Amino acid sequence: MQALVIAAHGSHLNPDASDPTYAHADRVRETGAFDEVREAFWKEEPHFREVIRTLESDEVFVVPLFISEGYFTERVIPRELRLEKWDPDLWESDGTEASDATLEASDVDKTIHYCGPIGTHDAMTDVIVQRAESVTGDPGVGEGVGLAVVGHGTDRNENSAKAIEYHTERIRERGRFDEVRALFMDEEPEVDDVTDYFESEDVVVVPLFIADGYHTQEDIPEDVGLTEDYTTGWDVPAEVDGHRIWYAGAVGTEELTADVVLERTADAGADIGDAVDEIRARVRSATDGDGGSGRADTNAGAGD
Amino acid sequence: MSLTTTAVDALHEAAEADGDLTFDGLRLAVDDDGYRLETPASGWAGLDEAELRDALEAIPAYVTNWRYWRRSIGGEGTARQAFLRWCERAPIDGEATDRSGDGDPDERGSADREKTGATLAVPDRYEALRGGIDREWGQLSITARFVDSDGADRLPGERVYDLRHVDDADTDLADLDAYDDPRTAREIATYDEDGRYRPLKTAPTLVSGWAFTDLSGAELVEAIEFFYPATIANWHRERRGELDVDHWRGTAERQTGIYDVVDELPREAVEWMAEACCADSQCLRRREWQYDEDDDLDADGGDGRFPCREPCSLVVAAARKWAILESEAERTYELELTMSELNQLEALIDAVADGRIDEIREADVNDGANRYRARYLRAKRFDDEGSLRAREVDD
Ligand code: SF4
């Protein structure tokens, strides 16, 4: 038997923070690739601390629903899961290359495959592009369009910028969009000046965050100039300084993210059959079908 | 209840494989003179296969009971199986069957009693399952019963489970919102009656008005996992004497980042914290963690059915706040209050702490926490900046 644990932050204040975790877990459940699928949280229940003992499977794949390698993936999650022999060096990563490490948790008799965060997996590049497709409602989006990948910046985690730049570079190499830029909230180049960095009239802004909350639903829309006051919402697209800005919140809410979770487990040796294809097919038919909503959901509350 | 031949076949096959099969009072052994079959009330020896089948047909409850547990549920030694057996008062992991039949021994707060516990032998259990066996798990009421009809996909002796709020135990099903997907439990558990987010799943604020019916054993466990995560696993560990408790000191010392400060919380503040957060009125878990391995807290841990093995994330987050607040020095203030006003301050704090604010009637000016009384006190005693006119007294 094999189990999947999706490890996410969660919130004591904002019930929406865990929505993407539940949604991706359900998508994976529906593929039947794992005998057990469990959500686990730092700020909600089940806590990281107790999740493994709720499983019957001997093989457990833990995938952190985080954007970058750093404090949570390297210290908090392994410590709380009681992965005693854990050492960040086991990942042999410089910030974007973590794949997996196999360990034992000291309170249970199980093998734990501790995977790198979803945010740095190559498949995340596709999710960012998919996000651009779903926000514009155009499966062929790219030509004549600029793409801004937005991250928090370095004050919280030195690897956070690396993840953003990594995907930006990968998308740029594909040559699909006229321009691709990495922008940040707390460091240069700043998302406030988004229009300064693009010649293209249409710019898709994709924040590389896991869940919608304060940053993606309040800060960024106001910083970018989509709206004066986030509580009044904004249009998609919105006119800003002669550009059309397409914005739809955290990339982690994109359905295809479940695919990245699965890819992580497959890299770590999970037998997932054709679950990845299943999820991709479902996402593709959804995008082609209704052309995406093209409208941001602006009602998420602030995270803590 | 008719007994299908499949159950007899499966049992026969298992006995052939095992040589000697014992389960819930049923014993089936294969020896040199044929089959030996025993229940607490009957016994046969030297049976040939045809005789064995006839004998098994005579004890259908034992046969379908074996089939249900060994084939439908499975998972020997798992928390899931133990929990489902607890639901129907079946003995767990070889615990003794208590046939004294002393009524309903197992209601809230009876962890000790549960251990000694009134379990039911197969015939009594089958009798009870026809009407449904009720159990309480926090604010959840679980009914284990037989399926209403035996159909193609409903094997004889197959159990199903109904799940609802304890407050709805006597409510007609038609008056409740009916669900069958265990994942719905996540949504039900998210908000309290007033629409406020419930970050602590075991807070006694679960809304009522819903029902899951006809759940399989696996679905019941899944739903409970969503309502009260990890409670079954820790309950099971506790029953087996394997609960690993992490006390306050260890938990606090392990924290890093912004929670690094929680280990500075003074011992007496930990006491107040446990009293404030871990009481039955705030959390249905029974606090088993102490200040340290050999240093128990005086605060009562509560009577909950399922143990709390370590301070939860909510308590750790609150502890951070208190650690910071407790680092402040105490000072002496002087302020003018009448005796009644002093009493009123106490009434206000009590009302907020007990969550009583909404119950205070608009015109009940006898209650110190009445809104008009509070507004009057503020109008009288606060200065223009909105602060109490208190003066710090120099030493
Ligand atoms: S630490 Fe206290 S409040 Fe938190 S779950 Fe345990 S008993 Fe409940």
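To be clear, the structure that these remarks concern was listed above.
Residues numbered from 1 in each chain as written. Chains lettered and ligands numbered in written order. Predicted model: local features only at pLDDT ≥ 70, side-chain atom pairs only at ≥ 80, totals over all residues. Heavy atoms only, no water.

Looking now at the overall build of chain A. What chain A contains, in helices and strands, is 8 helices and 10 strands. Expected size for 304 residues packed as a compact globule is a radius of gyration near 19 Å; at 19 Å, chain A falls within 12% of this value. Here the C-alpha coordinates of chain A stretch approximately 60 × 40 × 35 Å along the principal axes. The buried share of chain A, taken over its 304 residues, is 63%. Of all intrachain contacts in chain A linking residues separated by at least 6 positions in sequence, the fraction that spans at least 24 positions is 71%. Of the accessible surface of chain A, which amounts to about 11300 Å², a share of 40% is contributed by carbon and sulfur atoms. Between the averaged position of the 25 positive side-chain charges in chain A and that of its 71 negative side-chain charges there is a distance of 5 Å. (Helix = DSSP H or I, 4+ residues; strand = E, 2+ residues; numbered from the N terminus. Rg over C-alpha atoms; globule rule 2.2 N^0.38 Å. Buried < 20%, exposed > 50% of the residue type's maximum accessible area, 1.4 Å probe, protein only. Contact = heavy atoms within 4.5 Å. Areas by Shrake-Rupley, 256 points an atom, 1.4 Å probe, with all protein chains shown as cover. Lys, Arg positive; Asp, Glu negative; His and termini not counted. Charge placed at Lys NZ, Arg CZ, Asp CG, Glu CD.)

Bringing the sheet that holds strand E10 (residues 243-247) of chain A into the picture now. Sheet strands pair via backbone hydrogen bonds, and the direction of the pair is either parallel or antiparallel. Residues and elements named next belong to chain A. Across the sheet, which stays open at both edges, the 5 strands sit in the order E7-E6-E8-E10-E9 with mixed pairing between neighbours. Looking at strand neighbours, the two that pair on one side only are strand E7 (179-184) and strand E9 (238-240), the edges of this open sheet. Along the sheet, successive strands turn relative to each other by an average axial angle of 30 degrees, direction set aside. Relative to E7, strand E6 (residues 145-151) is paired through 6 bridges, and the arrangement is parallel. Across the sheet, Gly146 pairs through a bridge with Glu179, a residue of E7. Sheet strands in contact with helix H4 (residues 123-136) are E6, strand E8 (202-207) and E10, and its direction is about 125 degrees off that of E8. With respect to the sheet, helix H6 (residues 214-224) is in contact with E6, E8, E9 and E10, its orientation differing from that of E10 by roughly 175 degrees. (Pairing = 2+ DSSP bridges. Axes fitted to C-alpha atoms, helices over the stretch in contact; angles between N-to-C directions.)

With that settled, consider the side chain of Thr184 of chain B. All names here are of chain B. Tracing the backbone shows Thr184 in helix H7 (residues 184-188). Since its relative accessible area comes to 15%, Thr184 is described here as buried. Sequence-distant contacts of Thr184, defined by excluding residues within four places in its chain, comprise Tyr179 and Phe212.

Residue and element names in this part refer to chain A. Each neighbour pair has its own omega, and for Glu45 with Pro46 the value is 0 degrees, a cis peptide bond. At the junction of Glu188 and Pro189, the peptide bond is cis and its omega measures out at -15 degrees in the coordinates. Within the fold, Pro189 resides in the loop between E7 and E8. Positive phi is not limited to glycine here, since Arg82 has a value of about 65 degrees. Residue placement: Arg82 occurs in the loop between helix H3 (71-80) and strand E4 (100-104). For Arg82, a relative accessible area of 9% puts it in the buried group. The phi dihedral of Asp241 falls on the positive side, at around 45 degrees, and the residue is not glycine. One can find Asp241 in the loop between E9 and E10.

Before going further, it helps to spend a moment on the interface of chain A and chain B. You'll often see interface size given as the accessible area lost when the parts meet. Each partner contributes residues to the interface: chain A has 30 residues there, and chain B has 32 residues. Taking both partners together, chain A and chain B bury about 2600 Å²; carbon and sulfur atoms supply 43% of that area. When the buried surface of chain A facing chain B is broken down by residue, His12, Glu45 and Arg53 of chain A rank first, second and third, together holding 27% of it. One can count 13 salt bridges joining chain A with chain B. Of the charged contacts, one joins Asp244 of chain B and Arg82 of chain A as a salt bridge, the two residues approaching to 4.0 Å between their closest N and O atoms. At the junction of chain A with chain B, the criterion picks out 22 residue pairs in polar contact (both at pLDDT 80 or more). Residue assignment for the side of chain A that touches chain B shows that the elements contributing at least two residues are helix H1 (19-31), strand E2 (36-41), helix H2 (48-51) and H3 of chain A. Counted by class, the side of chain A that touches chain B contains 7 nonpolar, 5 polar and 18 charged residues. (Buried area = accessible area lost by both parts, 1.4 Å probe. Salt bridge = Lys/Arg side-chain N within 4 Å of Asp/Glu carboxyl O. Polar contact = N/O pair within 3.5 Å; in protein donor to acceptor, adjacent residues only side chain to side chain. Nonpolar A, V, L, I, M, F, W, Y, C, P; charged D, E, K, R; others polar.)

Quick look at the environment of Tyr214 of chain A now. Summarising the element assignment, Tyr214 of chain A is placed in helix H6. Through-space distance from the C-alpha of Tyr214 of chain A to that of Asp107 of chain A is 36 Å; in sequence the pair is 107 residues apart.

On the surface, Glu188, Asp192, Asp193, Asp196 and Asp241 of chain A cluster together to form a negatively charged patch. With respect to the secondary-structure elements, Asp193 of chain A resides in the loop between E7 and E8. (Patch = residues over 30% accessible without salt bridge, like charges linked within 9 Å, V, L, I, M, F, W, Y side chains within 5 Å.)

So, on to the packing of helix H1 (residues 5-18) of chain B against helix H2 (residues 49-58) of chain B. Residue and element names in this part refer to chain B. Contact pair H1 / H2: the axes reach a minimum separation of 11 Å and the direction vectors enclose 125 degrees. By the angle class used here, H1 and H2 are oblique. Considering only the axes of H1 and H2, their crossing is right-handed. Contact residues: H1 offers Val8, Asp9, Leu11 and His12, while H2 offers Glu49, Leu52, Arg53, Leu56 and Glu57. A breakdown of the residues in the contact of H1 with H2 according to their chemical character gives 4 nonpolar, 1 polar and 4 charged. (Parallel < 35°, antiparallel > 145°, perpendicular 65-115°, else oblique. Left-handed = near helix turned anticlockwise from the far one by under 90°.)

All names here are of chain B. Here 4 strands make up an open sheet; going across it, the order is E1-E2-E3-E4 and the pairing antiparallel. The open sheet has two edge strands, strand E1 (20-23) and strand E4 (43-47), and neither has a second partner. Put simply, the sheet's adjacent strands are angled 5 degrees from each other on average, direction ignored. In this structure, strand E2 (residues 26-31) lies alongside strand E3 (residues 34-38), joined through 5 bridges in antiparallel fashion. Within E3, the residue paired with Val30 across the bridge is Tyr35.

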